[in-house]
Amino acid sequence: MNSLIDKYNIPGPRYTSYPTVPYWDETTFSPEKWKESVIRSFHETNPEEGISIYIHLPFCEALCTFCACHKRITKQHSVETPYLESVLKEWQLYLQLFNEKPKLKELHLGGGTPTFFSPENLKILLEGIFTTVEIAEHPEFSFEGHPNNTTRKHLQTLYDLGFRRVSFGVQDYDPKVQKAINRIQPFEKVKEVTELAREIGYRGISHDLVFGLPHQHWDAMEHTIRKTLELKPDRLAFYSYAHVPWIKGVGQRGFDENDLPSGEEKRRLYEDGKKLLESLGYIEVGMDHFSLEHDDLYQSLLQKKLHRNFMGYTSSKTQLMVGLGMSAISDSWYAFAQNVKTVEEYQKIVEEGEIPVVKGHILSQEDLIVRRHILNLMCQLETTWDIQSSFPELENALEMLKEMEKDELVEINDHQIKITEKGRAFTRNVAMVFDLRMMRNKPETRIFSMTI
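All values reported here derive from a predicted model rather than from experimental measurement.

Novice: Explain the UniProt feature "binding site: S-adenosyl-L-methionine 1" (unreviewed entry) in the protein chain to me, please; I cannot follow it from the model alone.
Specialist: Listed under "binding site: S-adenosyl-L-methionine 1" (unreviewed entry) in the UniProt record, and renumbered for this structure, are Tyr 54, Gly 111, Glu 144 and Ile 329. Looking at where Tyr 54 falls in the secondary structure, it is placed in strand β1 (residues 51-57). Judged by its relative accessible area of 14%, Tyr 54 falls in the buried class. Apart from the residues within four sequence positions on either side, Tyr 54 is in contact with His 108, Gly 110, Gly 111, Met 311, Val 322, Gly 323, Leu 324 and Ala 328. A polar contact of 3.0 Å, which involves the side chain of Tyr 54, links it to the side chain of His 56. You can see Ile 329 is positioned in strand β14 (residues 329-331). Not counting the four nearest positions on each side in its chain, Ile 329 is found in contact with Val 21, Trp 24, Phe 310, Met 321, Gly 323, Ala 337 and Gln 338.

Structure, rendered in structure tokens:
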């Protein structure tokens, strides 16, 4: 395995979209084309399917130095109301594009720290949206909660509004790692909010763990996993730490690169962590998620309904996902659009009555074909093709995959590729073979985290 790590540990995307953001073609994009794609997608949406909304709530009281998200650090909670007013105004701008009340299937509050906001303000935000939509049957409403500031009132308020899923960011319980990433968070606090959520009635509790953080080693990682499993969350995200300190605005300065595990050490954290999780009843779903058998994520995998988008893996798919808030990304299936990345500019543009997109990409027919193959690989670990779903460089891609086949990472049959159990760890590498935009324009500088 070590020789494979040396061979395949290269920079690569996480494929929450295709094309990936660095390869968006902004020359063919415009706000008007974006609106046209939203209208088209909305009218094509299956009435039973509905749409998704992602709301980016960017404020945090402290900077976690491993974080690569767009955020604003402040202890001034007076920022809450004006920001939420802008989000509701942005939503009104999207409502003007629809000629009927949308059906809401999925809603996710991400951050930043959504629980930075008071329960009262979150209720105002959500009721402001719910009065304008029809709620689909069996909706999927979820939010990210910081264990240190998620209160019973947060959990109860959001539960009463229809939320049944909550994800708690744990990362690691080792005090040395916590100090390096500035995320001091005792197990007792995580236990408290997890048990509170379960008591209130949440049926989908998830914990996020990260491997590859500074000072991590297997003994401490094993301790973190075993402590996590004392609480038996329904789902686990076991993320690879993305070290991208060159990106402006990230906080990855709280430690030295020499403090990070080597590629071989990092892979061991994942492989041994996976074995431990599976021995305790968790099933690997997709690339970096594990769930218990009863969880919707695993059930959607069995039913081949697993989907991946900018929110990560989801148990259902909607064609249209509207991203609201500073830096939020939207997906109409035919196009992507990202909002401006500062709070002030976001609020100013919304106040002027404009949807605050700053960049985007209109998908070509080829993009749509490649996107489907990459989604299949990321969600089902296999893909098939015929004349309609092939593309000019398919033969080249298959040639490149032959090396992976020799390494027993994939199986290639007539019109089909399957990622093997051994190859799961290299899913991003397999998907990269299909990434035509990156193949045609290889980056001269490093723009992605390492695949392993």
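Novice: What exactly am I supposed to notice about the domain arrangement of the protein chain here?
Specialist: Much of the literature gives interface size as the accessible area that the parts lose upon coming together. Taken as a whole, the protein chain is organised into domain 1 (19-362) and domain 2 (365-440). Its C-alpha centre places domain 1 at a distance of 27 Å from the equivalent point of domain 2. Contact residues are listed per partner, giving 24 residues for domain 1 and 16 residues for domain 2. With both sides pooled, the region where domain 1 packs onto domain 2 buries about 1,800 Å², and carbon together with sulfur makes up 53% of that total. Area buried by domain 1 at its contact with domain 2 is led by Tyr 23, Met 287 and Trp 333, which between them contribute 32% of it. Taken together, the links from domain 1 to domain 2 amount to three salt bridges. A salt bridge links Asp 331 to Arg 371, with the nearest nitrogen and oxygen atoms 2.4 Å apart.

Novice: What exactly am I supposed to notice about the pattern of salt bridges here?
Specialist: Pairing between side chains of opposite charge can happen when their charged atoms approach one another. The final tally for this structure, using the stated rule, is 29 salt bridges. Residues Lys 274 and Glu 284 are paired through a salt bridge, measuring 3.0 Å at the closest nitrogen-oxygen approach. Placement of Lys 274 in helix α9 (residues 263-279) and of Glu 284 in strand β9 (residues 283-285) is noted, with a sequence separation of 10 residues between them. Residues Glu 421 and Lys 274 are paired through a salt bridge, measuring 2.8 Å at the closest nitrogen-oxygen approach. You can see Glu 421 sitting in the loop between β19 (416-419) and α14 (427-433) and its partner Lys 274 sitting in helix α9, a full 147 residues away along the chain. Given a relative accessible area of 9%, Lys 274 falls into the buried group. A network of salt bridges, in which partner residues are shared, links Glu 140, Arg 165, Arg 203, Arg 235, Asp 295 and Asp 296.

Procedures and definitions
Residues numbered from 1 in each chain as written. Predicted model: local features only at pLDDT ≥ 70, side-chain atom pairs only at ≥ 80, totals over all residues. Heavy atoms only, no water. UniProt positions renumbered as here; feature names shortened; annotations may be inferred. Helix = DSSP H or I, 4+ residues; strand = E, 2+ residues; numbered from the N terminus. Buried < 20%, exposed > 50% of the residue type's maximum accessible area, 1.4 Å probe, protein only. Contact = heavy atoms within 4.5 Å. Polar contact = N/O pair within 3.5 Å; in protein donor to acceptor, adjacent residues only side chain to side chain. Domains from an automatic or database assignment. Buried area = accessible area lost by both parts, 1.4 Å probe. Salt bridge = Lys/Arg side-chain N within 4 Å of Asp/Glu carboxyl O.

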